[in-house]
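Coordinates in review
Spelled out, the chains give:
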Amino acid sequence: MDALIVLSNPAWWVVAFALVAVGLAGTVLPMLPGTVLVLAGLVLGAWIDDFGRVSGWTLGFIGLLAALAWATDYLAAMLGAKRAGASPLALLGAALGTVLGVFTGFVGLLFMPLAGAMLGEYWTLQRRQGGFAGLNHDAAGRQAVRVGVATWVGLLLGTVVKLVLVFLMVGVFATAYWF
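A brief structural summary.

The rules behind the values
- Residues numbered from 1 in each chain as written.
- Predicted model: local features only at pLDDT ≥ 70, side-chain atom pairs only at ≥ 80, totals over all residues.
- Heavy atoms only, no water.
- Core = buried A, V, L, I, M, F, W, Y, C linked by side-chain atoms within 4.5 Å.
- Buried < 20%, exposed > 50% of the residue type's maximum accessible area, 1.4 Å probe, protein only.
- Helix = DSSP H or I, 4+ residues; strand = E, 2+ residues; numbered from the N terminus.
- Contact = heavy atoms within 4.5 Å.
- Phe/Tyr/Trp six-rings, centres within 6.5 Å; stacked < 30°, edge-to-face > 60°.
- Lys NZ or Arg CZ within 6 Å of the ring centre and 35° of its normal.

**Section: the nonpolar core**
- Among the nonpolar cores identified, the biggest contains 16 residues, and Leu42, Val54, Ile62, Met169 and Phe173 are the most heavily contacted of them.
- Contributing elements (two or more residues each) for this core: helix 3 (34-48), helix 4 (56-83) and helix 7 (137-178).
- Not counting residues up to four positions away in its chain, the partners in contact with Phe173 are Leu42, Gly45, Ala46, Val54 and Ile62.

This is how it looks when you write it as structure tokens:
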């Protein structure tokens, strides 16, 4: 089969657009590898055109943006949590809260990471101080809230930066393709 016939098939463009669309949703929803899906859709789009309009250099730059978006996803929450002195259980709680938030709607997606980080930190403090009887609940509560909020703010800022980088990836591709 002739390569040009395969490359000119409109079904490939449908797949490329679908990958980008699902990837854009995945930049907010933690269950989907958003950045990777967007990158795959853009690489497919360049391949469909036989890399005529979008060069390998442009795809390399888009790949660099994808790597930055992926790293931001992990670093932002950790930096926010680390700045507040979060325990590993607080980070785990934030991650689990994020996953559970997917199933509870938009409000859950926003606030379940906060609740998870707070619970993880509170549990860590309880274990360090020998159980609930010996725990200074006021101090532990303040520490858990501080860690939870810092982790949550880190997650939100990371998501915003990741969205900006992913839209920049799409913008670079569109500019290279149409101009």
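**Quick notes on the environment of Gly154**
- Relative to the helices and strands, Gly154 is located in helix 7.
- With relative accessibility at 7%, the residue Gly154 sits in the buried group.

**Let's talk about the packing of aromatic side chains**
- For the structure shown, the criterion picks out six aromatic pairs.
- Judged by centre distance (5.9 Å) and plane angle (35°), the ring pair of Trp13 and Phe17 falls under tilted. On the criterion of helical spacing, the pair formed by Trp13 and Phe17 is a turn pair, its members being four residues apart in helix 2 (residues 10-26).
- For Trp13, a relative accessible area of 22% gives the class partly exposed.
- A centroid spacing of 5.5 Å and a plane angle of 25° characterise the contact between Phe111 and Trp152, whose relative ring orientation is stacked. Highlighted residues: Phe111 in helix 6 (residues 105-128) and Trp152 in helix 7, separated in sequence by 41 residues.
- Residue Phe111 is classed as partly exposed on the basis of its relative accessible area of 41%.
- Taking NZ or CZ as reference, Arg127 lies 5.5 Å from the ring centre of Trp123, over its face.

**Looking at the environment of Val107**
- Relative to the helices and strands, Val107 resides in helix 6.
- As a C-alpha pair, Val107 and Glu121 span 14 residues in sequence and 22 Å in three-dimensional space.

**What about the side chain of Lys162?**
- Looking at the secondary structure, you find Lys162 in helix 7.
- A relative accessible area of 7% means that Lys162 is categorised as buried.
- Those residues within four positions of Lys162 in sequence are excluded, and the remaining contacts are Gly26, Thr27, Thr35, Ala69, Thr72 and Asp73.

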